[in-house]
Amino acid sequence: MRRLIVALIITAICIPSLILAEENFLEAPIIPGAKVVKKTETRLELKINKSHDEVVAFYKSALKGLKDVRYREWKKATYIEDDSNRPWHSITISKPEGDEGTTVVILKDNWTWIMGTLILRFIGVFVVLLVLFVAMSLSGAVISRLVKRFQVKEEASKG
């Protein structure tokens, strides 16, 4: 009898979590009813027969409360980007043209993107420093010429 009660309690605890378990890819939620078009270790492409706005609403509610998630509205897609340390990097939700379904692409965070961003920032710092150096050199040359002219005029007026 005790074993039956323990088994029922364990079942009662486990079944709701199995029923409510949401499918995900790299810890990013997958919209229910979506058809997998292409799946690799780093990319999942889905097609769903829902409007773009419905899919965006699903992802906004599924990702609600997550820190460092950014939403960008582009002309042909909505781009959701994770600026934190989650396994997924971005979710792109296309705006369908005509009767075709909405396409959702989930990408894994990768070192290529991370290193590319760091290299661009590194180069950007030196470009800014170079521009400041050139601007200060030009202003120094102009100011020194103006000071020399002023001194020459001042000496000519004295003598």
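Look up a bit, the structure's there.
**Student:** Sorry, what's going on with the overall build of the protein here?
**Tutor:** From N to C terminus, the protein includes 3 helices and 8 strands. Burial analysis of the protein (159 residues in total) assigns 21% to the buried set. In the structure as shown, the protein presents an accessible area of about 12300 Å², 63% of it carried by carbon and sulfur atoms.

**Student:** What am I meant to see in the pairing of strand S5 (residues 69–73) here?
**Tutor:** On any regular strand, side chains alternate: one points to one face of the sheet, the next to the other face. Pairing of S5 with strand S6 (residues 77–82) involves 5 bridges; the strand directions are antiparallel. Across the sheet, residue Arg72 finds its bridge partner in S6, namely Tyr79. Between S5 and the antiparallel strand that follows it, S6, lie 3 residues.

**Student:** What is the right way to read the layout of surface pockets from this model?
**Tutor:** Think of a ball as big as a water molecule: rolled over the atoms, this probe shows where empty space is left. Roughly 150 Å³ of volume is contained in the largest pocket. Around the largest pocket sit 12 residues that line it, and Glu23, Ile30, Ile31, Ala34 and Val36 are the ones nearest its centre. Elements with a contribution of two residues or more to the lining of the largest pocket: strand S3 (35–39) and strand S4 (43–48). Looking at the lining of the largest pocket residue by residue, the class counts come to 7 nonpolar, 2 polar and 3 charged.

**Student:** Help me understand the side chain of Thr102 in this model?
**Tutor:** With respect to the helices and strands, the residue Thr102 is situated in strand S8 (residues 102–108). A distance of 2.6 Å separates the side chain of Thr102 from the backbone oxygen of Lys50, its partner in a polar contact. If we skip the residues at most four places from it in the chain, Thr102 touches Leu46, Lys47, Ile48, Lys50, Ser51, His52, Val55, Ile93, Ser94 and Pro96.

**Student:** Explain helix H2 (residues 52–62) to me, please; I cannot follow it from the model alone.
**Tutor:** Because each turn of an α-helix spans 3.6 residues, side chains separated by three or four positions in sequence point in the same direction. Within H2 the residues assigned to the buried category are His52, Val55, Val56, Phe58 and Tyr59. Buried positions in H2, seen along its axis, are confined to an arc of 155° and lie on one side of it.

**Student:** What should I look at first to understand the environment of Leu44 in this one?
**Tutor:** Topologically, Leu44 is positioned in strand S4. You can call Leu44 buried: its relative accessible area is 2%. Setting aside chain neighbours within four positions, we find Leu44 in contact with Phe25, Ile30, Val36, Lys38, Lys39, Val104, Val105 and Ile106.

**Student:** Just to check I follow, could you spell out the packing of aromatic side chains for this structure?
**Tutor:** Tallied over the entire structure, the rule returns 3 aromatic pairs. With a centroid separation of 5.1 Å and an interplanar angle of 85°, the aromatic rings of Phe58 and Tyr59 are classed as edge-to-face. Exposure class is identical for Phe58 and Tyr59. Each is buried. Here the aromatic rings of Trp74 and Tyr79 are separated by 4.7 Å at their centres, their planes lie at 10°, and the arrangement is stacked.

**Student:** I would appreciate a short explanation of the environment of Asp83 in the present structure.
**Tutor:** For Asp83, the location among the structural elements is in the loop between S6 and strand S7 (88–94). For Asp83, a relative accessible area of 37% corresponds to the partly exposed category. Sequence separation of Asp83 and Asp109 is 26 residues, and the distance between their C-alpha atoms is 9.9 Å. Those residues in contact with Asp83 that sit more than four places away from it in its chain are Asp68 and Arg70. One polar contact links Asp83 to Arg70, side chain to side chain, over a distance of 3.2 Å.

What counts and what doesn't
Residues numbered from 1 in each chain as written. Predicted model: local features only at pLDDT ≥ 70, side-chain atom pairs only at ≥ 80, totals over all residues. Heavy atoms only, no water. Helix = DSSP H or I, 4+ residues; strand = E, 2+ residues; numbered from the N terminus. Buried < 20%, exposed > 50% of the residue type's maximum accessible area, 1.4 Å probe, protein only. Areas by Shrake-Rupley, 256 points an atom, 1.4 Å probe, with all protein chains shown as cover. Pairing = 2+ DSSP bridges. 1 Å grid on protein atoms, 1.4 Å probe; cavity = no way out; pocket = protein on both sides within 12 Å on 5 of 7 lines; lining within 4 Å. Points joined across faces, edges and corners; volume = space filled by probe spheres on them. Nonpolar A, V, L, I, M, F, W, Y, C, P; charged D, E, K, R; others polar. Polar contact = N/O pair within 3.5 Å; in protein donor to acceptor, adjacent residues only side chain to side chain. Contact = heavy atoms within 4.5 Å. Arc of directions from axis to C-beta. Phe/Tyr/Trp six-rings, centres within 6.5 Å; stacked < 30°, edge-to-face > 60°.

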